[in-house]
Amino acid sequence: MTSLNVVEIFHSIEGEGIRTGMPVTFIRLAGCNLRCSYCDTTYAQKVTDGQLMSIDDIVDKVRFQAVTITGGEPLLHTDCVKELIDKLNKTGHYINIETNGSIDIMPFVFAVRAGRGFFTVDYKCPSSGMEHEMCESNFQTMDENDVLKFVVSDDNDISVISQFLIHHTSFKGTIFVSPCFGKISLEHLVTEVKLLKLKYPKFDIRFQVQLHKIVWNPEERGV
């Protein structure tokens, strides 16, 4: 029976993106190939973190129709994650795959789209230290249902968003600009998002905060 290392399964609200505020079951898988400077899930970085669970046991713990599979980096576990997605599709769930942007999403597209699911893909800005790891082909693969997330620490990161929009004129997804927690003025970032929208009106560009870090203690897990 197929198994995955699961760090945690919890039931909360989606804290960011298209489904902000929606009750969701989160499945956090172990292992990440990046080491971002601002990582807030260091407890899920090692592939051996968490506990081994069968696909059936994972699905049995899901409470809400909306499910977010996150990490770590969930797409490291290629065939096992596809099997989990297929099982969740068959049981009527609606899936969001949170991925760090470094892994090609194409091998997962059929499974995700088959159940009306979507991808939330990070673009790692310079402050993360991981911008060089981005998989460029993802930005052509993503469609209008998908989300691209920029986590911003400073004005240099904001300038990278402008360069992205200049070089990816056919990008179809929704773009969210999110502050790195405690690193940048929210008012300043809202101003910059408005300026980006005025300069690049064809794109759906939105400001967001991590809602779960406002409702609960920012360091709290499983919320």
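Above: the structure in question.
The rules we used
Residues numbered from 1 in each chain as written. Predicted model: local features only at pLDDT ≥ 70, side-chain atom pairs only at ≥ 80, totals over all residues. Heavy atoms only, no water. Helix = DSSP H or I, 4+ residues; strand = E, 2+ residues; numbered from the N terminus. Rg over C-alpha atoms; globule rule 2.2 N^0.38 Å. Buried < 20%, exposed > 50% of the residue type's maximum accessible area, 1.4 Å probe, protein only. Areas by Shrake-Rupley, 256 points an atom, 1.4 Å probe, with all protein chains shown as cover. Lys, Arg positive; Asp, Glu negative; His and termini not counted. Charge placed at Lys NZ, Arg CZ, Asp CG, Glu CD. Pairing = 2+ DSSP bridges. Axes fitted to C-alpha atoms, helices over the stretch in contact; angles between N-to-C directions. Contact = heavy atoms within 4.5 Å. Phe/Tyr/Trp six-rings, centres within 6.5 Å; stacked < 30°, edge-to-face > 60°. Right-handed = clockwise from strand over helix to strand, strands pointing away. Salt bridge = Lys/Arg side-chain N within 4 Å of Asp/Glu carboxyl O. Core = buried A, V, L, I, M, F, W, Y, C linked by side-chain atoms within 4.5 Å.

### What to know about the overall build of the protein chain
A count of helices and strands for the protein chain gives seven helices and nine strands. Taken over the C-alpha trace, the protein chain has a radius of gyration of 17 Å; the compact-globule value for 223 residues is 17 Å, and the two agree within 12%. In terms of principal-axis extent, the alpha carbons of the protein chain reach across some 50 × 35 × 30 Å. Residues counted as buried form 55% of the 223 residues belonging to the protein chain. Of the roughly 10200 Å² that the protein chain leaves accessible, carbon and sulfur atoms contribute 52%. Counting 22 positive and 29 negative side-chain charges, the protein chain places the averaged centre of each group 3 Å from the other.

### Describing the sheet that holds strand β4 (residues 66–70)
Taken together, nine strands build an open sheet; the order of strands is β3-β1-β2-β4-β5-β6-β7-β8-β9 and the sheet is mixed. Either end of the sheet is taken by a strand with one partner, and the two such strands are β3 (51–54) and β9 (204–207). For this sheet, the mean inter-axis angle between neighbouring strands, taken without regard to orientation, is 30°. Most of the contacts of helix α5 (residues 155–167) go to strand β7 (residues 147–152), to which it runs at about 150°, and overall it touches β6 (118–123), β7, β8 (174–179) and β9. Across the sheet, helix α6 (residues 186–199) is in contact with β7, β8 and β9; its angle to β9 comes to roughly 170°.

### As for the packing of aromatic side chains
One pass over the structure, following the stated rule, counts eight aromatic pairs. With centroids separated by 4.8 Å and ring planes inclined at 10°, the aromatic side chains of Phe10 and Phe26 adopt a geometry described as stacked. Pair noted here: Phe10 is in strand β1 (residues 3–13) and Phe26 is in strand β2 (residues 23–29), with a separation of 16 residues, a long-range link. With centroids separated by 5.8 Å and ring planes inclined at 35°, the aromatic side chains of Tyr123 and Phe139 adopt a geometry described as tilted. One end of the pair, Tyr123, is in strand β6; the other, Phe139, is in helix α4 (residues 138–141), with 16 residues separating them in the sequence.

### Focus on the pairing of β8
Most of β8 sits inside the fold, with six of its six residues counted as buried. Along β8, one buried face is formed by Thr174, Phe176 and Ser178 and the opposite face, lined by Ile175, Val177 and Pro179, is buried too. Note that β7 and β8 share six bridges and pair parallel. Looking at β8, one finds that Val147 is bridged to Thr174. With α5 bridging β7 and the parallel β8, this β-α-β connection has right-handed handedness.

### What about the pattern of salt bridges?
As enumerated under the stated definition, the model contains ten salt bridges in all. For Glu8, the salt bridge goes to Arg28, with nearest N and O atoms at 2.7 Å. Placement of the pair is Glu8 in strand β1 and Arg28 in strand β2, with a sequence separation of 20 residues. Per residue, the accessibility class of Glu8 equals that of Arg28, and both read buried. Here Arg19 makes a salt bridge to Glu14, at a shortest N to O gap of 3.2 Å. The class of Arg19 is buried, set by a relative accessible area of 2%.

### A word on the nonpolar core
Residues Ile69, Leu88, Leu148, Phe150 and Leu165 are the most contacted members of the largest nonpolar core, which totals 57 residues. Take this core: its biggest share by element is five residues, from α5. Non-local contacts of Leu165, meaning those with residues more than four positions away in its chain, are made with Ile175, Leu196, Tyr200, Phe203 and Ile205.

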